[in-house]
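For reference, the chains in residue letters:
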Amino acid sequence: MMTKKSTPASRASLILFLSQMIAALEVPLDPILLKELSQPPTITHQSPKNYIVDPRENIVIQCEAKGKPPPSFSWTRNGTHFDIDKDARVTVKPNSGTLVINIMNGGKAEAYEGIYQCTAKNERGAAISNNIVIRSSRSPLWTKEKIEPKHVREGDPLVLQCSPPVGLPPPIIFWMDNSFQRLPQNERVSQGLNGDLYFSNVKPQDTREDYICYARFNHTQTIQQKQPISVKVFSTKPLTERRPALLTPVGSTSTKVELRGNVLLLECIAEGLPTPVIRWIKEGGELPTNRTFFENFKKTLKIIDVSEADSGKYKCIARNTLGSTHHTITVTVKAAPYWITAPRNLVLSPGEDGTLICRANGNPKPSISWLRNGVSIAIAPEDPSRKVDGDTIIFSDVQESLSAVYQCNASNEYGYLLANAFVNVLAEPPRILTPANKLYQVIANNPALLDCAFFGSPVPEIEWFKGVKGSILHGDLYVFHDNGTLEIPVAQKDSTGTYTCVARNKLGKVQNEVHLEVKDPTMIIKQPEYKIVQRAGQVSFECTIKHDRTLIPTITWLKDNGELPEDERFIIHKDSLAIMNVTDKDDGTYTCVANTTLDSVSASAVLTVVAATPTPAIIYDRPNSPFDLELTDQLERSVQLSWIPGYDNNSPITNFVVEYEDGMHEPGIWHYQTEVRGTQTTVQLKLSPYVNYSFRVIAVNEIGRSQPSEASEQYLTKAAKPDENPTGVQGIGSEPDNLVITWEPLKGFQSNGPGLQYKVSWRQKDVGDEWTSVIVANVSKYIVSGTPTFVPYEIKVQSLNDLGYAPEPAEVIGHSGEDLPMVAPGNVQVHIVNSTLAKVHWDPVPLKTVRGHLQGYRIYYWKVQNLSKRRRRHVEKKILTFSGNKTHGMLPGLEPYSSYKLNVRVVNGKGEGPASPDKLFKTPEGVPSSPSFLKITNPTLDSLTLEWGPPTHPNGVLIAYTLKFQPINSTHELGPLVDIRIPANETSLILSNLNYSTRYKFYFYAQTSVGSGSQITEEAVTIMDEVRPVYPRIRNVTASAAESYANISWEYEGPDHVNFYVEYGVAGSKEDWKKEIVNGSRSFFVLKGLTPGTAYKVRVGAEGLSGFVSSEDVFETGPAMASRQVDIATQGWFIGLMCAVALLILILLIVCFIRRNKGGKYPVKEKEDAHADPEIQPMKEDDGTFGEYSDAEDHKPLKKGSRTPSDRTVKKEDSDDSLVDYGEGVNGQFNEDGSFIGQYSGKKEKEPAEGNESSEAPSPVNAMNSFV
């Protein structure tokens, strides 16, 4: 086998198969491979080596295995073959090796005790389980004995022996009284590891007649009790004090042997007066940190997960005021065998070499032995390709027939390890497991990982090519991983393309293509900026992004890294966030986050809110802290607290908040106690028992809260029995054979006293069982093992402490653990409602087979085949879940004329049950979709050619096409409708005998036997004559952009008298195009109101030319700039120019006035006399607009045939432009308000006042026009 380098965890999915091969685990779980490849058996699940069973329940000995072909199973018992067929009580689970021994009906578990071993075998080898030792649990009664009362002198030591019966497994020991109350234990009185109760010295209060030792056998859920022991303590004065002496262990030294990985428990219990204190040390070393714990008032030393390094001498020292004594325990840590290198499955190809390594350690050193297919390798058939070398088997030049399962056994006197590892010899050509044509998308300048998961034996070599005929990839630009993955560390736009992976070994070659698309990164080109705003003002943050056109971005705004407040004052626009009526709460950091499916960018800005009009005259602030706290009327459950308020700082105090600290349970943590009005300075506080209270007071006004006051004096309340029981009691099994009882434990102050514990009680519901109870420490969970699967239990949890029990708790109902449902729904029927809807019926499963809470039924359904296309498709299973005990459900969204399969499964809280047999059903035909396209070509004087494509979704068998058409006249009125039926196999049609130069509208749709589908429409025109038609063309669309507007110009070739329109939108956006109508037939237009710094797309079209438009052009507006406009009226050069113009106009007026009075003519007047209407500008004949230009601002062209009145006056509303509206020259320019002025030539006229020439003097404007 080749050695493979490690791959980052993030790419683990890319190397599923290789990790299994290289790590010598197993063949990959690819469904196609598993159907074809053989594999020796592998034990997947087995019972523990030491298996103690409940004699009241059936014995289940587990043995599960997998392999190809599926393995068969056999068992041995006590070393000999176990003939299952000869014992009616023994059965084997289907498709499994698990034994089920039925002892519920008169059988005895003791009869089936022994050592069991399972063998799983197929044609490739045999795997064996551990030796499973089956023993029946035992809970014997206490032997009857007469116990004499114990008479002890005060101060003397005492040992009350428990001597519990020997059970399997050993019982748990605890001491209680007749009232089932645990006997209190402390440094003076405690229970030893052997269950005895030790008194270092007795006191008169130890006198009682009900010292009872209890033994709880958890496996059988039984509790046995010993006869009560009576103890009477008599007093003799004075008491004689004495130095410590050990009650256990005896002597000065002892030894202890423990196994590696176990828990080491060392115990020293001493007697003496005063009571001795125990201390532990390790001679020549330190006690291990993080693994050492002291229990039973430091009388027990506990070290978890011991190792050989924990061997040594441990000394316990008992000391009181009169002296000390000690005991040394020599600890030796032995070790059962443990793995250093466990053998791993080996997959080889014919002719290859390999090794199986089995290395284990222990104390003493374990011996290694090998087996082949469960038989000692010493007596296994000879194999020249195999050589055993101690803990290693070496294989060389293996052949396919030599596949087998090898077992390694490592054992010493403390235990054994057994591991199965198969050698599977396969000869397989290469296969590529990555789906063909898989698409990968990455952002530019990021790594790209292209998969090529493969399989083959021998291991194939992998090569990568770019493109169909590209050369092999190599060099620093690529990284080739041993799992077949090609990595491009820094993908660029030119990395986009098709990549081919080729896998080859000596048995063949295979290749696969994948595709890579490299996208442009998303960028924020205009980021939000820092803003300062006054209260009640408004503010806006901009966020303009640039992104790859094929990706759809989403913009999200955050405040202080959280969601924006749900407030209508926050208004989100496409590229900005606006905040209206700003308040102090709006102060913070605002972040714009732009996300696509491949990347994410963000930018932030800070908003600072300041006061609009500061008013320094009156300072409002939070109040000063209250002071001089005093406790009076101190009772067991209440106390009176009083205080003096601090200064309110010009804002009245509205209320006081009282907080308390529990110095005993939660020191340093303050809790809310109560709240009173701002006029009140005394409050009666309710208290809980066994709490060391301190109080403080906080004053509150409209500005805020004061600093807390100094803490009051402490007040410790007396202990009492708990007042309440735990809440949230639940019983929910985590496994099929247990019941997990949980509750919300009491908080520290709720304990009401020391020694908080819980009494947990349970019994199976409705079977008449007695309550089983245990008392546990201050925890929140107790697990009851060995329960039947999913049965109801009555549960209650009661709190208690050293002073007694809480009130009787309420009972709740829980259930033991769920297991997967056992059976599948039957009688599955499918009723077709229509071509897209089916109704499914099934019979409900028996509730007892659900084995849990019935959550509903789940339907898996998938399309097998489209009956019209007659080819299979990729199976995509869909799931519908129906809650509750329903027996039917609807399947919507089916495709017509298709073949489907489905199955039904019942669902409980554990999961799904087995599936019902697959049910095949077919949907009927439906109506088809519209034809995929309709094109009209080759127009002549009297004919048109129609071409079309079949519907994308025929939804059945097409039987025909229907074509309807009718002429359209110049006023868009429709003529008579013609109907033509076309065979389904046709894809084109020539329509003849049409009218020349006529527009027709066509309606086209397909039909199945069910009916007609959606139609597609189109329009076309026959030509006027046989001269080659002039096809319209709009070209050279250009855009000249500024900050918020752009001038669009174009060139047009084609028929006259057309009206243009301009369409535009944000580049890369899928929003609809915005349309602007161009006034007249001019070839330019100004787009206004654009967003600065934004890329736009634009195109130009002609009205009435069957949707004819130009190609698109893209432009970008300039970035927003701070306004730097200059008032031209204040500039010196402009004032001088205006003065010169005014002087010139005055001179011209004088000249005109003189010449008119003289009756003479000047050139312009002569021109007027020579023409009928000299002031009328040339106008187009078709629409009446000016020939040289039209007013882009007005959009009100003169109506056809209209003219200026004969007296040469123009209505003011028709022309009100100043002399600077249009500039001379041919170069396009923009004035200050953004309007375009460069395409105009000539001057726009100003009208004179109404009236005739002879009655009043000419206006200055008319004089100018005459002069020019």
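Residues numbered from 1 in each chain as written. Predicted model: local features only at pLDDT ≥ 70, side-chain atom pairs only at ≥ 80, totals over all residues. Heavy atoms only, no water.

Asks: Sorry, what's going on with the overall build of the protein here?
Replies: Regarding its fold elements, the protein presents 6 helices and 93 strands. Counting the 1268 residues in the protein, one finds 40% classified as buried. Split by element, the accessible area of the protein, about 68,000 Å² in all, is 52% carbon and sulfur. (Helix = DSSP H or I, 4+ residues; strand = E, 2+ residues; numbered from the N terminus. Buried < 20%, exposed > 50% of the residue type's maximum accessible area, 1.4 Å probe, protein only. Areas by Shrake-Rupley, 256 points an atom, 1.4 Å probe, with all protein chains shown as cover.)

Asks: Honestly, the sheet that holds strand β8 (residues 99-101) in this entry has me stumped. Any pointers?
Replies: Spatially, 3 strands are ordered β3-β8-β7 in an open sheet, and the strand pairing comes out antiparallel. Of all the strands in the sheet, the pair left with one neighbour each is β3 (59-61) and β7 (90-92). Mean inter-strand twist for the sheet, computed between neighbouring axes without regard to direction, equals 20°. When β7 meets β8, the two strands line up antiparallel, connected through 3 bridges. The residue of β8 that forms the bridge with T91 is V100. (Pairing = 2+ DSSP bridges. Axes fitted to C-alpha atoms, helices over the stretch in contact; angles between N-to-C directions.)

Asks: Honestly, the packing of aromatic side chains in this entry has me stumped. Any pointers?
Replies: Aromatic rings in a pair are described by how distant their centres are and how their planes are angled relative to each other. According to the stated counting rule, one finds 23 aromatic pairs in the structure shown. Aromatic pair W762 and Y782: ring centres 5.6 Å apart, planes at 35°, arrangement tilted. Taken together, the residues span a long stretch of sequence, with W762 in strand β66 (residues 757-764) and Y782 in strand β68 (residues 781-785) at a distance of 20 residues. Each member of the pair, W762 as well as Y782, is classed as buried. Centre to centre, the rings of W842 and Y857 are 5.5 Å apart; their planes meet at 50°, and the pair counts as tilted. In this pair, W842 is assigned in strand β73 (residues 837-843) and Y857 in strand β74 (residues 854-866), connecting sequence segments 15 residues apart. (Phe/Tyr/Trp six-rings, centres within 6.5 Å; stacked < 30°, edge-to-face > 60°.)

Asks: Help me understand the environment of T500, please; the structure alone is not making it clear to me.
Replies: Turning to its location among the elements, T500 is positioned in strand β45 (residues 497-505). Look at T500 and you get buried, because its relative accessible area is 5%. When the C-alpha positions of T500 and H515 are compared, they lie 8.7 Å apart, and in sequence the two are 15 residues distant. In this view, T500 contacts E463, W464, F465, G467, Q511, N512 and E513; residues no more than four positions away in its chain are not counted. (Contact = heavy atoms within 4.5 Å.)

Asks: Can you help me understand the state of the cysteines in this one?
Replies: Such a bond, covalent and formed between the sulfur atoms of two cysteines, is termed a disulfide. Enumeration over the complete set of coordinates arrives at 6 disulfides. Across the disulfide from C162 sits C213; the S-S distance is 1.9 Å. Here the disulfide of C162 and C213 is left-handed, its torsion about the S-S bond being about -70°. Within this pair, whereas C162 is found in the loop between β13 (158-160) and β14 (172-176), its partner C213 is found in strand β17 (residues 208-217), the two being separated by 51 residues in sequence. Taking the relative accessible area as the measure of exposure, C162 reaches 0% and is therefore buried. A relative accessible area of 1% places C213 in the buried class. Between the sulfur atoms of C268 and its disulfide partner C316 the distance amounts to 1.9 Å. Between C268 and C316, the S-S dihedral sits near -70°, and the bridge is therefore left-handed. (Disulfide = S-S within 2.5 Å.)

Asks: Mind showing me how you'd approach the pattern of salt bridges here?
Replies: For the coordinates displayed, the defined rule picks out 36 salt bridges. Its salt-bridge partner being E145, residue K226 comes within 3.6 Å of it at the nearest N-O pair. In this pair, K226 is assigned in the loop between β18 (222-225) and β19 (229-234) and E145 in the loop between β11 (132-136) and β12 (150-153), connecting sequence segments 81 residues apart. Judged by relative accessible area, which is 7%, K226 ranks as buried. Residue classification places E145 among the partly exposed positions, given a relative accessible area of 40%. When the shortest N-O distance is used, the salt bridge between D586 and R569 registers 2.8 Å. Here D586, found in the loop between β54 (576-579) and β55 (588-595), pairs with R569, found in the loop between β52 (562-563) and β53 (570-572); they are 17 residues apart in sequence, far enough to count as distant. The burial state of D586 is the same as that of R569; both residues are buried. (Salt bridge = Lys/Arg side-chain N within 4 Å of Asp/Glu carboxyl O.)

Asks: Mind showing me how you'd approach the nonpolar core here?
Replies: Counting residues in hydrophobic clusters, the biggest one holds 25 residues, and the most contacted among them are I59, I61, W75, L99, I101 and Y116. Listed by contribution, the elements that provide at least two residues to this core are β3, β4 (63-68), β8, β9 (114-122) and β11. The biggest single contributor to this core is β9, with 3 residues. When neighbours within four sequence positions are excluded, Y116 is seen to be in contact with I61, W75, T76, R77, F82, L99, I101, N130, N131, I132 and I134. (Core = buried A, V, L, I, M, F, W, Y, C linked by side-chain atoms within 4.5 Å.)

Asks: Please clarify how the pairing of strand β72 (residues 826-834) should be interpreted in this entry.
Replies: Along a regular strand, successive side chains alternate from one face of the sheet to the other. Two strands pair when backbone bridges link them, and β72 and β73 are joined in this way by 6 bridges, in the antiparallel orientation. By the bridge assignment, N834 is partnered in β73 with L837. Linking two consecutive strands that pair antiparallel, namely β72 and β73, is a turn of 2 residues.

Asks: Help me out: how do you make sense of the sheet that holds strand β30 (residues 354-357) in this one?
Replies: Within a sheet, each strand pairs with its neighbour through backbone hydrogen bonds, oriented either parallel or antiparallel. Pairing within the open sheet is antiparallel, and its 3 strands lie in the order β30-β35-β34. Here the strands that pair on one side only, and so sit at the sheet edges, are β30 and β34 (386-389). Going from strand to strand, the sheet's axes swing by 15° on average, the running direction of each strand aside. Two elements, β34 and strand β35 (residues 392-395), share 4 bridges in a ladder whose sense is antiparallel. Its bridge partner being in β35, R386 is matched across the sheet by F395.

Asks: Mind showing me how you'd approach a nonpolar patch on the surface here?
Replies: Taken together, L1143, L1146, I1147, I1150, V1151, F1153 and I1154 make up a surface patch of nonpolar side chains, about 660 Å² in accessible area. Tracing the chain through its elements places I1150 in helix α4 (residues 1132-1158). When its relative accessible area of 45% is taken as the criterion, I1150 is described as partly exposed. (Patch = residues over 30% accessible without salt bridge, like charges linked within 9 Å, V, L, I, M, F, W, Y side chains within 5 Å.)

Asks: Got a minute to help me understand unusual backbone geometry in this structure?
Replies: Glycine aside, the phi torsion of most residues is negative, and most peptide linkages are trans. For the peptide bond that leads from L273 to P274, omega is 0°, which places it in the cis range. Along the polypeptide, P274 turns up in the loop between β23 (269-273) and β24 (277-282).

Asks: Can you walk me through the confidence of the model for the protein in this structure?
Replies: Close reading of the predicted structure is inappropriate where its pLDDT is low. Of the residues in the protein, 85% reach a pLDDT of 70 or more, and the chain-wide mean stands at 83. Considering only residues more than four positions removed or in separate chains, one finds that residues 1159-1268, a stretch of pLDDT under 50, has 141 contacts. (pLDDT = per-residue confidence, 0-100.)

Asks: Would you explain the side chain of D206 in this entry?
Replies: Residue placement: D206 occurs in the loop between β16 (197-199) and β17. Taking relative accessible area as the criterion, D206 reaches 7% and is therefore assigned buried. Here D206 is in contact with R188, F199, N201, Y211, V231 and V233, once residues within four sequence places are set aside.

Asks: I keep staring at the environment of P565 and nothing clicks. Help me out?
Replies: Tracing the backbone through its elements, the reader meets P565 in the loop between β52 and β53. What makes P565 partly exposed here is its relative accessible area of 37%. Along the chain, P565 and D586 lie 21 residues apart, while their C-alpha atoms are 9.2 Å from each other. Dropping the residues within four chain positions of it, P565 is found in contact with K559 and F570.

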